[in-house]
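Architecture and fold: a report
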Amino acid sequence: MGAEPVNVNEFEKLARQALPKMFYDHYRGGAEDQHTLKENVEAFQRIMIRPRILDVSRIDLSTTVLGYKISAPIMIAPTARHKLAHPQGEVATARAAASCNTIMVLSYMSTCTIEEVASSCNAVLFFQIYMYKRRDITAKLVQRAETCGYKAIVLTVDTPRLGRREADIKNKMIAPQLKNFEGLISTEVSSDDGSNVEAFVRNSFDASLSWKDIGWLRSITKLPLLIKGVVTHEDALKAIEVGVDGIIVSNHGGRQLDYAPATISVLEEVVDAVKGKVPVLFDGGIRRGTDVFKALALGAQAVLIGRPAVYGLAAKGEDGVKRVIEMLKDELENTMAFSGCPTLKDISRNHVRTQHDILH
Ligand code: FNR
């Protein structure tokens, strides 16, 4: 591709050229038939926008999440192992988040440490965890994040085991030692029949994680706690009951349960159940500013991007991540201008028409 990329999908093409096949497949892939992966994107295409007109001379994209002001409702989702995409890894991603004035959620499975990322930039950072069988390790990581100024903990709950990512199995995906665990435990687990990522998760993640463990997590940190991986109103209500501070509607980018619903198709169900008691954030399939607009119209406070940020990083490092965020911001701004919405508060349920609306 000669010309500079003009949208997120073109960044994906550049990333594909830049990365070894094993790593590109790892980032792009989903579970099994990859139906959910595909649906996450395609379900957005079935939602139409009902534009209103006039009075959009000034457009303000800014919002707050847990009280932190950000320039636009577009945050960076936790994704593992950024050094496979770029030598500067998560430090580059965090610096891009800082320069765009947005929030990055650092993955537990990062290739730069919690401390390196915190000291490299002044972005507002959240820290994502999985529940480890050895709770002392989870506790240690949470405490390290709190000590270096992370502002929230995001507990991912859709990974009692790893989804079957067949590309990783075929490629015998080999992931490097994860930096946050150095001195604690080896993450270089060997596997005879497939990806060592799967072997690591099988050996170490706690499949017995249950609602009562949220209480334990609360007892070891003062930070607000978000739960990531909710796609039903039943689980949203449970999450509220145990006192989380926010919910992230997510199916892990289609990497866990295949045939789980596209996240945009269940966002409203969760929002209706939550009734504004805590913020609802959203991820899965965001590739355009129009997608951000649709998610906000269906009740999300903000969205997170997973693969788009990684593609930006693989293609052009820190600047690539920054450009991906800027592109989505520009497209969102444009969508708001065409839809008669000078501020995010003006984006209403009435601005979109879903398949459900058409059928009922
Ligand atoms: C992820 N995701 C993820 N989630 C999480 O809670 N912890 C993690 O370490 C990871 N790692 C990870 C790696 C890669 C390569 C991908 C693509 C995804 C899921 C991620 O946070 C998010 O839910 C999805 O990526 C959102 O979908 P999109 O934006 O990629 O379509």
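The protein has the name (S)-2-hydroxy-acid oxidase in an unreviewed UniProt entry, where Corchorus olitorius is given as its organism. Regarding the protein, the UniProt comment filed under Subcellular location (unreviewed entry) reads as follows: "Peroxisome". Under the heading Sequence similarities (unreviewed entry), UniProt records this for the protein: "Belongs to the FMN-dependent alpha-hydroxy acid dehydrogenase family."

What follows deals with helix 3 (residues 35-45). Thr 36, Leu 37, Glu 39, Asn 40, Ala 43 and Phe 44 are the residues of helix 3 that are buried. On its buried face, helix 3 sits against helix 11 (263-274) and helix 12 (289-297).

As a further point, take the site of the ligand. The full set close to the ligand counts 23 residues, and Ser 107, Thr 156, Gly 253, Gly 306 and Arg 307 are the nearest of them. Grouping the amino acids of the shell around the ligand by side-chain chemistry returns 8 nonpolar, 11 polar and 4 charged.

Before going further, it helps to spend a moment on the nonpolar core. If you look at soluble globular proteins, the nonpolar side chains tend to sit buried side by side. Among the nonpolar cores identified, the biggest contains 110 residues, and Leu 125, Ile 247 and Val 270 are the most heavily contacted of them. For this core, the element with the highest residue contribution is helix 13 (residues 307-338), accounting for 13 residues. Ignoring sequence-local partners within four residues, the contact set of Ile 247 consists of Leu 226, Ile 227, Val 230, Ala 236, Ala 239, Val 270, Val 274, Val 278 and Val 280.

With that settled, consider the pairing of strand 5 (residues 103-106). Neither face of strand 5 is open: one carries Ile 103 and Val 105, the other Met 104 and Leu 106, and all of them are buried. Bridge count between strand 5 and strand 6 (residues 124-129): 4 bridges; the pairing is parallel. The partner of Leu 106 across the bridge, within strand 6, is Phe 127. For the crossover from strand 5 across helix 5 (residues 114-120) to strand 6, the handedness is right-handed.

With that out of the way, let us pick up the environment of Arg 255. Here Arg 255 is to be found in the loop between strand 9 (246-249) and helix 11. Counting along the chain gives 90 residues from Arg 255 to Arg 165, while the straight-line C-alpha distance between them is 6.9 Å. Those residues in contact with Arg 255 that lie beyond four places of it in its chain are Gly 30, Ala 31, Gly 163 and Arg 165.

The rules we used
Residues numbered from 1 in each chain as written. Predicted model: local features only at pLDDT ≥ 70, side-chain atom pairs only at ≥ 80, totals over all residues. UniProt positions renumbered as here; feature names shortened; annotations may be inferred. Buried ≥ 20, exposed ≤ 12 C-beta atoms within 10 Å, placed from the backbone. Helix = DSSP H or I, 4+ residues; strand = E, 2+ residues; numbered from the N terminus. Contact = placed C-beta atoms within 7 Å. Near = placed C-beta within 6 Å. Nonpolar A, V, L, I, M, F, W, Y, C, P; charged D, E, K, R; others polar. Core = buried A, V, L, I, M, F, W, Y, C linked by C-beta atoms within 7 Å. Pairing = 2+ DSSP bridges. Right-handed = clockwise from strand over helix to strand, strands pointing away.

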